[in-house]
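The primary structure of each chain is shown beneath.
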Amino acid sequence: MKPTLADATRGRILFGGDYNPEQWPEETWHEDVRLMKAAGVNSVTLGVFSWAKLEPVPGAREFAWLDRLMDLMHGNGIGVVLATPTASPPPWLGRLHPDTLPVDQDGRTEWWGGRQHFSHSSTTYRRHAAAITEDLAARYANHPALTMWHINNEYCTYDWSNQAAARFRTWLQRRYGTLDALNTAWGTAFWSQGYGDWAEVHTPRHAHYLRNPAQVLDFKRFTSDMLLECYLAERDIVRRHTPHPPVTTNFMPLWAGQDAWRWAEEEDVVSVDLYPDPRDPLGAQHAALVQDMTRSQARGPWMLMEQAAGPVNWRGVNHPKPRGLNRLWSLQAVARGADAVCYFQWRQSRQGAEKFHSGMVSHAGEQGRTYQEIQRIGAELAGIGPEVAGTHTANDLAILHDWHSWWAGAHEGRLSTEVDHPQVLTAWHRALWESHLTADFAHPEHGLTAYKLVVVPQLYALTDSAIDNLLAYVHQGGTLVSGFLTGVADEDDRVRPGGMDARLRELFGIRTLHEWWPLEERERVECEGFRGTLWSEEIERVADGAETVAAYKGGELDGLPAVLRSGRAWYVSTLPEPSDLRELLSRIAAQAGVRPVLDGLPPQVEAVRRGEALFLLNHAREPVTVPVPGTHRDLLTGATVADEITLGRYGAAVLKP
Amino acid sequence: MKPTLADATRGRILFGGDYNPEQWPEETWHEDVRLMKAAGVNSVTLGVFSWAKLEPVPGAREFAWLDRLMDLMHGNGIGVVLATPTASPPPWLGRLHPDTLPVDQDGRTEWWGGRQHFSHSSTTYRRHAAAITEDLAARYANHPALTMWHINNEYCTYDWSNQAAARFRTWLQRRYGTLDALNTAWGTAFWSQGYGDWAEVHTPRHAHYLRNPAQVLDFKRFTSDMLLECYLAERDIVRRHTPHPPVTTNFMPLWAGQDAWRWAEEEDVVSVDLYPDPRDPLGAQHAALVQDMTRSQARGPWMLMEQAAGPVNWRGVNHPKPRGLNRLWSLQAVARGADAVCYFQWRQSRQGAEKFHSGMVSHAGEQGRTYQEIQRIGAELAGIGPEVAGTHTANDLAILHDWHSWWAGAHEGRLSTEVDHPQVLTAWHRALWESHLTADFAHPEHGLTAYKLVVVPQLYALTDSAIDNLLAYVHQGGTLVSGFLTGVADEDDRVRPGGMDARLRELFGIRTLHEWWPLEERERVECEGFRGTLWSEEIERVADGAETVAAYKGGELDGLPAVLRSGRAWYVSTLPEPSDLRELLSRIAAQAGVRPVLDGLPPQVEAVRRGEALFLLNHAREPVTVPVPGTHRDLLTGATVADEITLGRYGAAVLKP
Amino acid sequence: MKPTLADATRGRILFGGDYNPEQWPEETWHEDVRLMKAAGVNSVTLGVFSWAKLEPVPGAREFAWLDRLMDLMHGNGIGVVLATPTASPPPWLGRLHPDTLPVDQDGRTEWWGGRQHFSHSSTTYRRHAAAITEDLAARYANHPALTMWHINNEYCTYDWSNQAAARFRTWLQRRYGTLDALNTAWGTAFWSQGYGDWAEVHTPRHAHYLRNPAQVLDFKRFTSDMLLECYLAERDIVRRHTPHPPVTTNFMPLWAGQDAWRWAEEEDVVSVDLYPDPRDPLGAQHAALVQDMTRSQARGPWMLMEQAAGPVNWRGVNHPKPRGLNRLWSLQAVARGADAVCYFQWRQSRQGAEKFHSGMVSHAGEQGRTYQEIQRIGAELAGIGPEVAGTHTANDLAILHDWHSWWAGAHEGRLSTEVDHPQVLTAWHRALWESHLTADFAHPEHGLTAYKLVVVPQLYALTDSAIDNLLAYVHQGGTLVSGFLTGVADEDDRVRPGGMDARLRELFGIRTLHEWWPLEERERVECEGFRGTLWSEEIERVADGAETVAAYKGGELDGLPAVLRSGRAWYVSTLPEPSDLRELLSRIAAQAGVRPVLDGLPPQVEAVRRGEALFLLNHAREPVTVPVPGTHRDLLTGATVADEITLGRYGAAVLKP
């Protein structure tokens, strides 16, 4: 049987973080253990950036220090998520083997001196990565501290080098078989780009003017697949040595470079790194989106591999977390399915590029507010762990998302650079989140029949099967709402005749899509009952069977449908302002029989059900009283809650009947 | 006798566009022909991006598909503007001959995968381009469909490569003869740049600090000349095969890289690509400027080679054309001398980098609004063609423009980066356009005596002959108005003593030009009766003979002349705000005896005379009534117009007495 | 005895500028001499950009033209500051020896065609620079015109090339001895950057993500040191030939690339180039800051090597100097210790990259306002020279500044990119300048006991000795005021435990520094009595012995100390708005016994004492009356001043009792 997160949690919520003891003298390790235990830490991630320490010169193996650490952790009851160190090769690798360094589209080498300076396509890199992984896995396969494998770290490199070009050709040969098929898929008849020899095909480098969009799309697919090959190679090595501990690699949320649906299938545990800006008024919504997506990829409990106890150091201005926010956001992750709440990193570094990125133990040390709050969080998670770990809740509502569609829609020659896929996705998720409607994410080819309502913020490119899937879903009684720029292209980024798939047009009651009318940055378009942003469309409705729910008012589109409905299929041809989209989706959800988590919730309170537990999270600095019909027990305080509960500043409750 | 556009139009207005049938199955070709005929299309441009199709592997020749197309067009009465395919070489050329790829000033190669990835200086590229041109010309020399030759496409590449450097040296040797002369012209005594060997001279690549401005100026001249050499080589080949069909290459309007005055001399037909932003309130004025300039370069009728039926795809936000605008702007082109109204492209692409650039047949197809409007335009142009094609009208007013002066003035070490030559030129043209004064453009060394008024928005660098020309013009009775930064430098970009040519200073009554006072972006300077923008000057007027028409008020320049006049010579040392410049130029024009096209025109109506026809164009969405003394016939409707006519939203009339 | 500026001034103020006669025919040289004499010019700088003229082909020596110039100057009583021409090598050097060209971090070569295209690390460059310096020094060692040596010009190049990498390794070996020490200092345990071989160590080139901050810091140190090696090599050559004339190289003020404290030790004369923006309302304060810093580096009189008589040409919009401003700012330089007031350049160039950079003789020539004002300045400086040249005044107040601390604090991974060291420094200096408090600058390891008050705008990194020094200063009775982000890191940019040095925390009364709270660009934080900008801090004060002078109000930091005081040590954890910081520092200064230059000064008047002279400078266009108790003589006019004096627009007075 496939290992799962439960094999590592064993009924607890994992609490801990990345631990980089290489930076510290051994006496600090013992101090660390003392503080970890005082904070309820039960899991640390070791080895993420240890390659140069393990293999200081080519072929060397220095495991003794790691042996001592593994033993130390085990001796203190702390499990180890052991990382392959392949995200950051030692300097000698780049020096001896320049082909291991990535090259960007402008021809610039990415040198060592930072991190992730590896070419995913380099055979040399892969060979060295496999060798160190092999020896690491062999050495610690039976170590009792080992609870999970962490492969590489935040896979996120592109490469336009010659070695990447060679692999790209192979990848394309596998995808297309013949050059004719490639020429057809890429539409190379335009601009005289017909390829007559595989050797002519290149990574899409700096060009005089717009590059071929299908080539760029395939390069993104290729990148995701090359990184996946790197992951699979290491995963298979550790699995060979240790069939039991689950394997993960940590995603960066909504990162453009990886098809996370595809990757999640190859992971035992889906994990993610999540860093909302503490100053962002919608930081909690961003977190909820990422958590919903990660849970959906995991199809159950997941792991928050990294968050920050305080500020990060890669924004322009990096804000700390106000008192209580770390706890609130940690509980939010658990509410939305996390069975592990971890941080980058345990102890804040004194040196290196991230010395102003916070740690669970900040520069202020044991007496600092940051560590004090960590202690409280650790204690509370230990308390609620047995009641929530492993539980899951089904939702009635799904949001569709697909990386390939995002990639295709992002081409440089599109109609509006104002349209940014993640922003559109976020706008739709926000409308649901503010309506207290909890949603899963799904891929457009996933089975959808379990959902009463499916929303499509934007799926610019759809395969024929995905369209089949959507049509079948509606025909079987589902309600579908779609935003604009959906079904425009096929999987080769070929615009479908009519500018939108004919079957989808029929579904929504669109006779002719005459023109797209993108809006300027701050432009608004008046519609009946609301104002639209970002986009509008010149649509001619079918003569009957479809209803103009709201028409454009004034301007060139006066009287044409802004929101169109044909039976259970809705089409929204603009992006309503936030409160308008919220109102619209609430209305559609109600008609589809989808209910909010709780009635009468104040706006600043997020409510989430997980198993039998009801999480209530106050995202405001002001206290608030929440009506909760019936009697519950608050797992955090043990108190009995009857009919209502008052949550303090950034307060939370975990109620059970 | 030299071929002309009339050889192709034969009394009609050409209507059609770029046709890229390579992208479509042959059954679509027949559908295309049906739709073309229904829309009155009488001309298509073939082959612009066909090199890879014609020569899929080095040395191959695949003409059969093009034979069929040429026959198909001819069989349906549609003429063909046949393009040499040399703007976009096939991938194999770059792969086998890396010297055919341009290199930018930072050393980055411009790879294939987009378009125009050819080095104008590459002997290899030129050889291959000549070979395919030769065979294309030989094959279709006598084909009855052939009406015109279209060489390459939108020449617009720079190249800093080693092969470009080699040709630059040769070009400089031809220009200067000796290194001493080059050192003198470039002022290399400054910053220790003296060249002792031709091999030391380079293209002006990335440098630590400001590069030599004369070197950069010559590099721009060289670029224009190298591109021209490419054009001439292909032109001469097709002329050798076919003396009759006229030859053109399509300009990008006001593009910085080509001295279009010089180029136009080498074309039988001057053609231009014109893409005003449909959302730009001054889009029509921008179009009028380009049309006036193109007509002046052509010295008669010209060809609108490319416009868009709807949106383009290279702006940040790309807007479609509201209903009626395509027709209005097409008629505007005819009014200002176009005998051909063509589009990029016939059928909107489903694939490739420009699939969101509109076509005459949009994604919405036959029933789409775009094609419906195309049909109307085709019909109307066919109707008025016999009455206007080939006609021309002389103007009393000329605006001077010169690329070399623009190039010299654009150096990175100038006094104000806010001063942008095209913006200054546009501001002056706008003032005239809004005053209903129609203008030609002329080069500063052209004969000017036919004009009552000559305006110089800005000619930073002037040759001695140009100055002779201006002085002679005024001395022979002409009225001259000049904006600031005129006559500052000579043709080597050497500042003339006194900061402005002494004879010009004398002409305008300037004793001493103490200092230039550029203004900040939104800064305004108060003058008597108006406010100035962008620039001001500390000028000491000659004691007598010159008049301060308007003085600066307040500030450091208080009382000094903002507008200075000495007889018929006017000098405007700032850029008055739009309505102020309009008022000033109207006044000067009236004094010089230059009249608006029609009296009493509403502001939103553009009126242009062409031959006997009077075009009236309503650029507003609101209908408007225009007084037109006398009785006319409207060529568009056949109606009789007595004393006034009402134009609807974006409405137009073409009146004949 | 070491030569000094006095050897060149001989009781006068030097007045003149860069003279580039290479650009002009010899007849112009004689015209120049006439105008120089009429303007009181007594010093010109020759040869700065003469390498290509002196050595037009490799190994040639063409001195005859320079001989004639030296003689001409001497014959007319004008001294020559003779420059080594090594800042701008001739084209042949780069062509024959590509290793002499710098390479930037992206791998781009910096080509000739501009200036300063030399690699400081290139052995070839150094050899050629030494050779021409040798011959120049030998030839003019005994020329009577020679008054000073000017080495190179505005040293300011970085280099990431392979030759720079080789020297970087050598430099690091000298600094650290062993790789272990380097690995420790750079914290390479983080991100797996451990070096196992010196050959792996590189210049910090383009990387995938944040580069190692200690490596970047050392690269900046290395750059300063390599440039210094270039300087020293040439200095030692000229000294060998001519022990007497003092040697200088001109600094760019507050330029990030040079540790000017270290460099100043190696100069006989400290000189600087100073170009405040005439439109900047704080231009005079910027100038005062640079002048104070230069005087402090010189420990006495210094040389204003370059200023502009009018506009420069490297800003976006370049403004001329209003009438009188050139004189006012020249006198300001003298007030703050300059014994030489010079310009770039004598005669404005007609060609080359700087032809719109003003000269003492502008394009308008002899009758131009610019030269007219130059004549007045020359006469006045000649008048006051004997009374002020060589004099010096001690100050009670020092501002600490250190390049290494600036470099360390500027790392890309810092908490706020809004925090810009020069801006913080400027804000503090401005507060003092507006309070009429004159300050010296000092290095944190300098002796400070002569000062009553020491202010530390920001010293992010401090060595242990510097901390010793600050503590000793306070313990010996000094008053210390420090801004935020001081003492955070040690000299390897290692964050000190607690986020700030423990001894400093103790000094200021800080128990725990919980978190830094950087502010957004326009964000303000309310404090008792003022508003803070840029930064705030979550500080826990020690229980007793420290006083919260002003607390934060509202928000997360409500009640915590914004300004903290423990005895004579003050800590300001935000940047108060300008008037608030001025008020705060005035108050602290008064308590420390530091007095303004004069009581009752109007805000727009700057007052500076130099020796016995009191300079009064009116920075406004409106006249102003200044109370001056007692009777003085105005050295500029000879008038007697009793109790008060009225200064006109941009007016000045130099009063002596």
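Quick notes on the rules
Sequence positions are assigned chain by chain, starting from 1 and proceeding in written order. In the order they appear in the text, chains get letters beginning with A and ligands get numbers beginning with 1. The predicted origin of the model limits local features to residues at a pLDDT of at least 70 and limits the giving and counting of side-chain atom pairs to 80 or more, whereas totals for whole chains, interfaces and linings rest on all residues. As a convention, hydrogens and water are excluded, and side-chain values are obtained from all of the structure's heavy atoms. Where helices and strands are cited, they refer to DSSP runs of H or I of at least four residues and of E of at least two residues respectively, numbered from the N terminus. Only C-alpha atoms enter the radius of gyration; for comparison, a globular chain is expected to reach 2.2 Å times N to the power 0.38, where N is the number of residues. Exposure is judged per residue with a 1.4 Å probe applied to protein chains only, and the accessible area is read against the type maximum: over 50% gives exposed, under 20% gives buried, and values in between give partly exposed. We call two residues contacting when some pair of their heavy atoms lies within 4.5 Å. Every accessible area reported is derived by Shrake-Rupley at a probe size of 1.4 Å, with residue values counting cover from the shown protein chains alone. A residue counts as positive if it is Lys or Arg and as negative if it is Asp or Glu; His and the chain ends are not included. Here the site of a charge means NZ on Lys, CZ on Arg, CG on Asp, or CD on Glu. A least-squares superposition brings the copies together, and it is based on the C-alpha atoms of residues with pLDDT no lower than 70 in both. Throughout, the accessible surface (probe 1.4 Å) given up by two parts as they are put together, summed over both, is called the buried area. Take a side-chain nitrogen of Lys or Arg and a carboxyl oxygen of Asp or Glu: if they are within 4 Å of each other, that pair is a salt bridge. Polar contacts here mean pairs of N or O atoms no more than 3.5 Å apart (in protein, one a potential hydrogen donor and the other a potential acceptor; neighbouring residues in sequence count only if both atoms are side-chain atoms). UniProt positions are given in the numbering used here, feature names are shortened, and annotations may be inferred rather than shown by experiment. For Phe, Tyr and Trp, where Trp contributes only its six-membered ring, two rings pair if their centres lie within 6.5 Å, and the inter-plane angle classes them as stacked under 30 degrees, edge-to-face over 60, or tilted in between. Charge-over-ring contacts are defined here by two conditions on Lys NZ or Arg CZ: a distance within 6 Å of the ring centre and an angle within 35 degrees of the ring normal. Each pair of strands is called paired provided DSSP finds at least two bridges between the two strands. In this analysis, axes come from line fits to C-alpha atoms, helices being fitted only over the stretch in contact, and the angle between any two N-to-C directions falls in the range 0 to 180 degrees. With the strands aimed away from the viewer, a crossover counts as right-handed if its path from the first strand over the helix to the second runs clockwise. Here roughly perpendicular refers to angles of 65 to 115 degrees, roughly parallel to angles under 35, roughly antiparallel to angles over 145, and oblique to all remaining angles. Two helices that cross are described as forming a left-handed crossing if the nearer one is turned anticlockwise from the farther one by less than a right angle, and a right-handed crossing if clockwise. Residues are sorted three ways: Asp, Glu, Lys and Arg are charged, Ala, Val, Leu, Ile, Met, Phe, Trp, Tyr, Cys and Pro are nonpolar, and all the rest, Gly among them, are polar. In this analysis, the expected span of each helix is defined as 1.5 Å times one less than the number of residues it contains. The directions from the helix axis to the C-beta atoms form the arc being described. Each domain's extent was defined by an automatic or database domain assignment.

A word on the overall build of chain A
Across its full length, chain A carries 18 helices and 26 strands. In terms of C-alpha radius of gyration, chain A reaches 26 Å, essentially the compact-globule figure of 26 Å for 657 residues. Its C-alpha atoms put chain A at 80 × 75 × 45 Å along the principal axes. Within the span of chain A, comprising 657 residues, buried residues form 68% of the whole. Counted over contacts in chain A with a minimum sequence separation of 6, partners at least 24 positions apart contribute 72%. In the structure as shown, chain A presents an accessible area of about 20600 Å², 49% of it carried by carbon and sulfur atoms. Between the mean site of the 63 positive side-chain charges and the mean site of the 82 negative ones, chain A shows a separation of 4 Å.

Considerations on the relation of the copies chain B and chain C
Taken as rigid bodies, chain B and chain C are interconverted by a rotation of 120° and an axial shift of 0.0 Å, the fit giving an RMSD of 0.0 Å. Such a turn and shift between the copies fits a three-fold axis.

Quick notes on the interface of chain A and chain B
Counting residues at the interface gives 56 residues for chain A and 57 residues for chain B. Considering only the surface of chain A that becomes buried against chain B, Phe190, Trp191 and His208 of chain A emerge as the three largest contributors, covering 16% of it. One can count seven salt bridges joining chain A with chain B. The interface formed by chain A and chain B contains 29 residue pairs in polar contact (both at pLDDT 80 or more). Elements with a contribution of two residues or more to the side of chain A that touches chain B: α8 (179–186), α9 (213–241) and β14 (510–516) of chain A. Ranked by residue count, the leading element in the side of chain A that touches chain B is β14 of chain A, at five residues.

Observations concerning the UniProt feature "binding site: substrate" (unreviewed entry) in chain A
Listed under "binding site: substrate" (unreviewed entry) in the UniProt record, and renumbered for this structure, are Arg115, Asn153 and Trp314 of chain A. Residue class for Arg115 of chain A comes out buried when judged on its relative accessible area of 10%. Setting aside its immediate chain neighbours within four residues, Arg115 of chain A contacts Phe49, Ala87, Ser88, Glu154 and Glu354 of chain A together with Trp191, His208 and Tyr209 of chain C. In this fold, Asn153 of chain A is placed in the loop between β4 (146–150) and α7 (162–176). Given the relative accessible area of 2%, Asn153 of chain A is considered buried. Excluding anything up to four places from it in sequence, Asn153 of chain A contacts Val48, Phe49, Ala87, Gln116, Asn250 and Glu306 of chain A.

With respect to the packing of aromatic side chains
The geometry of an aromatic ring pair is captured by two quantities: the separation of the ring centres and the angle between the planes. The final tally for this structure, using the stated rule, is 87 aromatic pairs over all chains. Look at Phe168 of chain B and Phe222 of chain B: their rings are 5.0 Å apart centre to centre, the planes differ by 50°, and that puts the pair in the tilted class. Here Phe168 of chain B, found in helix α7 (residues 162–176), pairs with Phe222 of chain B, found in helix α9 (residues 213–241); they are 54 residues apart in sequence, far enough to count as distant. Ring centres 4.9 Å apart and planes at 35° place the aromatic pair Trp160 of chain C and Phe219 of chain C in the tilted group. Of this pair, Trp160 of chain C sits in the loop between β4 (146–150) and α7 (162–176) while Phe219 of chain C sits in helix α9 (residues 213–241); the two residues are 59 residues apart in sequence, bridging distant segments of the chain. Accessibility assignment for this pair places Trp160 of chain C and Phe219 of chain C in one class, buried. A network of ring pairs unites the aromatic residues Tyr158, Trp160, Phe168, Trp171, Trp186, Tyr195, Phe219, Phe222 and Trp255 of chain A as a single cluster. Directly above the aromatic system of Trp111 of chain A lies the positively charged group of Arg205 of chain C, at a separation of 4.5 Å from the ring centroid.

Points about the UniProt feature "domain: Beta-galactosidase trimerisation" (unreviewed entry) in chain A
UniProt marks residues 396–594 of chain A with the feature "domain: Beta-galactosidase trimerisation" (unreviewed entry), using the numbering shown here. The distance from the first to the last C-alpha atom of residues 396–594 of chain A is 6 Å, and the span holds 28% helix and 27% strand.

Quick look at the sheet that holds strand β20 (residues 569–572) of chain B
Residue and element names in this part refer to chain B. What the seven strands build is an open sheet, ordered β11-β10-β12-β13-β20-β19-β18; its pairing is mixed. Among the strands making up the open sheet, the edge pair consists of β11 (440–442) and β18 (547–551). In this sheet, adjacent strand axes meet at a mean angle of 20° when their direction is disregarded. Bridge analysis of strand β19 (residues 561–566) against β20 gives four bridges, and the strand direction is antiparallel. Following the sheet pairing, Ser566 is matched in β20 by Ala569.

Digging into the pairing of strand β2 (residues 43–46) of chain B
All names here are of chain B. What you see with β2 is no split at all: Ser43 and Thr45 on one side and Val44 and Leu46 on the other are buried throughout. For strand β1 (residues 14–19) and β2, the ladder comprises four bridges, and the chain directions are parallel. Paired with Asp18 across the strands is Thr45, a residue of β2. Handedness of the crossover is the feature at issue here: the chain leaves β1, passes through helix α2 (residues 26–38), returns alongside β2, and the resulting connection is right-handed.

Notes on the interface of chain B and chain C
Chain B puts 56 residues into the contact, and the matching count from chain C is 57 residues. Both faces combined, the contact of chain B with chain C buries some 4900 Å², and carbon together with sulfur accounts for 55% of it. For the chain B face of the interface with chain C, the top three residues by lost area are Phe190, Trp191 and His208 of chain B, together amounting to 15%. For Arg621 of chain C, the salt bridge is made with Glu556 of chain B, and the minimal N-O distance between the two is 3.0 Å. Between chain B and chain C we count 29 residue pairs in polar contact (both at pLDDT 80 or more) in total.

So, the packing of helix α12 (residues 325–335) of chain C against helix α13 (residues 369–388) of chain C
When two helices pack together, their arrangement is captured by the angle between the axes and the distance separating the axes. Residues and elements named next belong to chain C. Put simply, α12 and α13 touch, their axes get as near as 10 Å, and they point 20° apart. Taken together, the axes of α12 and α13 lie roughly parallel to each other. The interaxial crossing formed by α12 with α13 has right-handed handedness. Taken together, the residues of α13 that come into contact with α12 (itself represented by Asn326, Arg327, Ser330, Leu331 and Val334) are Ile374, Arg376, Ile377, Glu380, Leu381, Ile384 and Val388. Across the contact of α12 with α13, the residue classes tally to seven nonpolar, two polar and three charged.

Digging into helix α4 (residues 64–75) of chain A
Because each turn of an α-helix spans 3.6 residues, side chains separated by three or four positions in sequence point in the same direction. All names here are of chain A. Relative to the 16 Å expected for twelve residues at 1.5 Å per residue, α4 spans 16 Å between its end C-alpha atoms, a close match to the ideal helical length. Among the residues of α4, those classed as buried are Trp65, Leu66, Leu69, Met70, Leu72 and Met73. All buried residues of α4 lie within an arc of 160° about the axis, which places them on one face of the element. Where α4 terminates, the next one or two residues include Gly77, which has phi positive at roughly 75°.

A closer look at the domain arrangement of chain A
If you check the domain split of chain A, you get domain 1 (42–269), domain 2 (397–591) and domain 3 (605–656). For domain 1 of chain A and domain 3 of chain A, the distance between their C-alpha centroids amounts to 43 Å.

Structural notes on the environment of Val103 of chain C
Residues and elements named next belong to chain C. With respect to the helices, strands and loops of the structure, Val103 is situated in the loop between α5 (91–96) and α6 (123–140). C-alpha of Val103 to C-alpha of Trp160: the two residues are 57 residues apart in sequence and 5.4 Å apart in space. If sequence neighbours within four positions are ignored, Val103 has contacts with Arg108, Thr109, Asp159, Trp160 and Ser161.

Notes on the sheet that holds strand β12 (residues 453–456) of chain A
Residues and elements named next belong to chain A. If you trace the seven strands from one edge of the open sheet to the other, you get β11-β10-β12-β13-β20-β19-β18, paired in mixed fashion. Edge positions in the open sheet fall to β11 (440–442) and β18 (547–551), since each of these has one partner strand only. Strand-to-strand twist of the sheet, defined as the mean angle between neighbouring strand axes without regard to direction, takes the value 20°. Here strand β10 (residues 397–400) runs beside β11; their pairing, made up of three bridges, is parallel. Following the sheet pairing, Ile399 is matched in β11 by Phe441.

Quick word on the pattern of salt bridges
On inspection of all chains with the given rule, the structure shows 159 salt bridges over all chains. Measuring nitrogen to oxygen at the nearest pair gives 3.7 Å for the salt bridge that ties Arg587 of chain A to Glu583 of chain A. In this pair, Arg587 of chain A and Glu583 of chain A are both assigned in helix α18 (residues 578–592), four residues apart and thus about one turn of the helix distant. Taking the relative accessible area as the measure of exposure, Glu583 of chain A reaches 44% and is therefore partly exposed. We note a salt bridge from Glu154 of chain B to Arg115 of chain B, for which the minimum N-O separation is 3.3 Å. Taken together, the residues span a long stretch of sequence, with Glu154 of chain B in the loop between β4 (146–150) and α7 and Arg115 of chain B in the loop between α5 (91–96) and α6 (123–140) at a distance of 39 residues. When sorted by exposure, Glu154 of chain B lands in the same class as Arg115 of chain B, which is buried. Linked by salt bridges that have partners in common, Arg235, Asp236, Arg262, Glu265 and Glu266 of chain A make up one network.

As for the packing of α7 of chain C against helix α8 (residues 179–186) of chain C
Residue and element names in this part refer to chain C. Packing of α7 against α8 leaves a shortest axis separation of 9 Å and a crossing angle of 90°. With respect to their mutual orientation, α7 and α8 come out roughly perpendicular. The segment α7 lies against α8, with Phe168, Leu172 and Tyr176 engaging Ala181, Leu182, Ala185 and Trp186. Counted by class, the contact of α7 with α8 contains seven nonpolar, no polar and no charged residues.

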